[in-house]
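Remarks on the overall topology
Take a look at the letters that make up each chain.
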Amino acid sequence: MELSILDAVGRVNETQRRVLGERVAARFGADLSGHWFAIWGLAFKPGTAIRELMRTPVLFDGRNLREPGEVVNLGFEYFGIGRRVVHPAATAFEESQVPALVA
């Protein structure tokens, strides 16, 4: 039986949701009680003053739409899918030592 393109897209999207959830749990722990998360889609506009409202400025970029260095320069901890974790205080050496989170 041949998979249709829509079936394949559906499987990839499901995998992305699962991997993103795993990244959140890896960063904050399995018990997410007491944490608040905001999820933005493609309509999220750069330049929105959200950093100041966040207790823990972490960006999980499920589609790798942002450049990690730019996000880190804005004071966020960055987690992409298939990219290295980038922390605001990391030096270039430290950043290179962090393993990529690959689905």
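Before reading further, recall that the structure is shown in the block above.
Read on for an overview of the structure. The residue numbering used here restarts from 1 in each chain and proceeds along that chain's sequence as written. Predicted model: local features are reported for residues with pLDDT of at least 70 only, side-chain atom pairs are reported and counted for 80 or more only, and whole-chain, interface and lining totals are derived from all residues. The basis for every side-chain value is the complete set of non-hydrogen atoms in the structure, without hydrogens or water.

**Regarding the side chain of Asp61**
Numbering of helices and strands runs from the N terminus, with a helix taken as a DSSP run of H or I at least four residues long and a strand as a DSSP run of E at least two residues long. Positionally, Asp61 belongs in strand S1 (residues 58-61). By relative accessible area, which is 6% here, Asp61 ends up buried. The definition of a polar contact used here is a pair of N or O atoms within 3.5 Å, where within protein one atom must be able to donate a hydrogen and the other to accept one, and adjacent residues in sequence count solely through side-chain atom pairs. A distance of 2.8 Å separates a polar atom in the side chain of Asp61 from the backbone nitrogen of Arg66. The classification of residues rests on relative accessible area computed with a 1.4 Å probe and restricted to protein chains. Under 20% of the type maximum is buried, over 50% is exposed, and intermediate values are partly exposed.

**Let's talk about the pattern of salt bridges**
Salt bridges are defined as contacts in which a side-chain nitrogen from Lys or Arg sits within 4 Å of a carboxyl oxygen from Asp or Glu. Counted according to the given criterion, the structure contains three salt bridges. Note that Arg18 is salt-bridged to Glu22, the shortest N-O span being 2.8 Å. With a gap of four residues between them, Arg18 and Glu22 both fall in helix H1 (residues 5-28), about one helical turn apart. Residue classification places Arg18 among the partly exposed residues on the basis of a relative accessible area of 43%. With relative accessibility at 36%, the residue Glu22 sits in the partly exposed group. Note that Arg27 is salt-bridged to Glu77, the shortest N-O span being 3.0 Å. In this pair, Arg27 is assigned in helix H1 and Glu77 in strand S2 (residues 77-80), connecting sequence segments 50 residues apart. For Arg27, a relative accessible area of 28% puts it in the partly exposed group.

**Some words on the packing of aromatic side chains**
Any two of the Phe, Tyr and Trp rings considered here, Trp counted by its six-membered ring, make a pair once their centres fall within 6.5 Å; the pair's planes then place it as stacked at under 30 degrees, edge-to-face at over 60, or tilted in between. Counted according to the given criterion, the structure contains three aromatic pairs. Pairing Phe28 with Phe37 gives two aromatic rings, centres 5.6 Å apart and planes at 80 degrees, and the pair type is edge-to-face. According to the relative accessible area criterion, Phe28 is buried, its value standing at 18%. Phe37 gets classed as partly exposed once you look at its relative accessible area, which sits at 42%.

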